[in-house]
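What follows is each chain in one-letter form.
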Amino acid sequence: MSTGEKAGIVQTDEQSEPKKSKQKIQHDQIAKSLLKLRTVLAWILKSTTDEFKRMDLSEVEKWVFNPAIGSDTSDDEAPPQIPMAGTESSSLNDGSRYFDVKFYTKDPKKPEDSISLIINIEAQTKFKSEDYIHKRAEYYLSRLISGQNNTIFANDNFEKIKKVYSIWICTDPIAKYRNTITVFPRTAKKLYGRVRAKKTAYDTSEYIIVGLNDNYDSNCKIIRMLDLLLTEELKDAAGKTIQLTAEEKREWLKKRAEILQKEFNISQEETEWRLLEMCDLSDRYRAEDEARGEARGEARGKISGGAKEIICFAKDIGYTYEKTKARLKQRLNINDDEAENYMKLYWNEKEK
């Protein structure tokens, strides 16, 4: 049982999606561990946030505190517990939420604060829709703010709330988001009168969408780096996947790790084994999916053949359309829609 369930909290993070396979969970964890590398986080902060964009990369690294990876494991496994950077957000009314990577940092302009910023990074492989990605990012910001209650602030001390960032790295975005970085900040809009509110008073959250390029040649350094780190396929200029043998793929992954070391100072030792393991897992669960698909296809073929025999026999002995359909549902253990499809396919076949 998860930590949230022990407290009477319903697990909701991925309840709308099919349960992930063990290999897919392992694959996601490796991808998150790549994002958790301190140099990678420093590149992301420097490339996307105002607070760090003017600092040297080596200096930014020093401001990254306790990066933690969220849990995608089964309900009876608790998320990693790292002081001041737990990845679980729990609410009695809204269930538990695990962030891919979450960590704290200081604003270099406010070195006196023990914590100034809370950063969440999400690796998004499926860009379901534009509405989905924006609304989900807003929701995560809300959880990052409300989760500060009784940890960062208590009672009505709302002035102590820290700014939060949610950075969404989309590996396969829709076309208009490809090879882009977009910041969505809180802004003030005057409707009547003149109030000059200081920005720090309302500048409590931003989400950022990073759409990767998928072919490793972006002129934007952070997109090129993240492509090398997270995108698994090698594609040509037209965006078509280049088919590689297992050995060629491993050589390409090793080359990527070398490029990451040379261009971005990201440890080749830290990345190479992760890239190779992620690739092996991808190949393994892709093969399993194909095998399951073939098995389902064979099963559907057998059911279709059986449906045809039942329908033809029922017509020969004078069954009505509805009686034949009912018989079909009973014999093949299928639902009404499936039975109707077979009836449309085979009922009038002899008359054709």
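Anyway, here's the lowdown on the structure attached to this text. Model, not experiment: these values are computed from the prediction.

Section: the overall build of the protein
If you tally the helices and strands in the protein, you get 11 helices and 8 strands. Taking all 352 residues of the protein together, 42% fall into the buried category. For the protein, long-range pairs separated by at least 24 residues make up 63% of all intrachain contacts whose partners lie at least 6 apart in sequence. Total accessible area computed for the protein in this model is approximately 19,800 Å², and 50% of it derives from carbon and sulfur atoms.

A few points about empty space enclosed by the protein
Counting across every chain of the model gives 1 cavity of 30 Å³ or more. There is about 40 Å³ of room inside the largest cavity. Along the walls of the largest cavity sit Glu232, Lys249, Leu253, Arg256, Leu275, Met278 and Cys279, which together make up its complete lining. The set of elements that each furnish at least two residues to the lining of the largest cavity consists of helix 8 (246-264) and helix 9 (268-316). Its residues assigned to classes, the lining of the largest cavity shows 4 nonpolar, no polar and 3 charged.

A closer look at unusual backbone geometry
For residues other than glycine, phi is negative in most cases, and the peptide bonds are mostly trans. With a phi angle near 55°, Asn155 is a residue other than glycine that sits in the positive phi range. One can find Asn155 in the loop between helix 5 (130-146) and strand 6 (163-170). Residue Asn155 is classed as exposed on the basis of its relative accessible area, which comes to 66%. For Asn333, which is not a glycine, the phi torsion comes out positive at approximately 55°. Here Asn333 is to be found in the loop between helix 10 (321-332) and helix 11 (336-346). Exposure remark for Asn333: the relative accessible area of 70% places this residue in the exposed category.

Describing the nonpolar core
Ranked by internal contacts, the top residues of the largest apolar core, which has 47 residues, are Leu35, Ile44, Ile121, Ile169, Met225 and Leu226. The element contributing the most residues to this core is helix 7 (residues 221-230), with 7 residues. Ignoring any residue separated from it by four or fewer positions in sequence, one finds Ile169 in contact with Leu35, Ile44, Ile121, Glu122, Ala123, Gln124, Val210, Leu212, Leu226 and Leu230. Listed in part, the 17 residues of the second largest apolar core include Ile115, Tyr140, Leu144 and Trp168.

Remarks on the packing of helix 7 against helix 8
Where helix 7 contacts helix 8, the two axes come as close as 9 Å, and the packing angle between them is 150°. When the axis of helix 7 is compared with that of helix 8, the two are roughly antiparallel. Note on packing geometry: the crossing formed by helix 7 with helix 8 is left-handed. Facing Lys221, Arg224, Met225, Asp227, Leu228, Leu229 and Leu230 of helix 7, the residues of helix 8 in contact are Arg256, Ile259, Leu260, Glu263 and Phe264. Grouping the constituent residues of the contact of helix 7 with helix 8 by class yields 7 nonpolar, no polar and 5 charged.

Observations concerning the pattern of salt bridges
Scanning all chains against the criterion turns up 14 salt bridges. Among the salt bridges present, the one from Arg224 reaches Glu263, with a minimum N-O distance of 2.8 Å. Residue Arg224 is found in helix 7, and its partner Glu263 is found in helix 8; the two are separated by 39 residues along the sequence. Between Asp336 and Lys329 there is a salt bridge, with its nearest N and O atoms 3.3 Å apart.

Thoughts on the environment of Thr204
Of note, Thr204 is situated in the loop between helix 6 (199-202) and strand 8 (205-211). A relative accessible area of 24% means that Thr204 is categorised as partly exposed. Sequence spacing of Thr204 and Leu117 is 87 residues, and the spatial spacing of their C-alpha atoms is 9.3 Å. Those residues in contact with Thr204 that lie beyond four places of it in its chain are Ile145, Lys162, Lys163 and Val164.

Remarks on a negative patch on the surface
On the surface, a cluster of negative charge is contributed by Glu247, Glu248, Glu251 and Glu258. Positionally, Glu258 belongs in helix 8. A relative accessible area of 38% places Glu258 in the partly exposed class.

About the cut-offs
Residues numbered from 1 in each chain as written. Predicted model: local features only at pLDDT ≥ 70, side-chain atom pairs only at ≥ 80, totals over all residues. Heavy atoms only, no water. Helix = DSSP H or I, 4+ residues; strand = E, 2+ residues; numbered from the N terminus. Buried < 20%, exposed > 50% of the residue type's maximum accessible area, 1.4 Å probe, protein only. Contact = heavy atoms within 4.5 Å. Areas by Shrake-Rupley, 256 points an atom, 1.4 Å probe, with all protein chains shown as cover. 1 Å grid on protein atoms, 1.4 Å probe; cavity = no way out; pocket = protein on both sides within 12 Å on 5 of 7 lines; lining within 4 Å. Points joined across faces, edges and corners; volume = space filled by probe spheres on them. Nonpolar A, V, L, I, M, F, W, Y, C, P; charged D, E, K, R; others polar. Core = buried A, V, L, I, M, F, W, Y, C linked by side-chain atoms within 4.5 Å. Axes fitted to C-alpha atoms, helices over the stretch in contact; angles between N-to-C directions. Parallel < 35°, antiparallel > 145°, perpendicular 65-115°, else oblique. Left-handed = near helix turned anticlockwise from the far one by under 90°. Salt bridge = Lys/Arg side-chain N within 4 Å of Asp/Glu carboxyl O. Patch = residues over 30% accessible without salt bridge, like charges linked within 9 Å, V, L, I, M, F, W, Y side chains within 5 Å. Lys, Arg positive; Asp, Glu negative; His and termini not counted. Charge placed at Lys NZ, Arg CZ, Asp CG, Glu CD.

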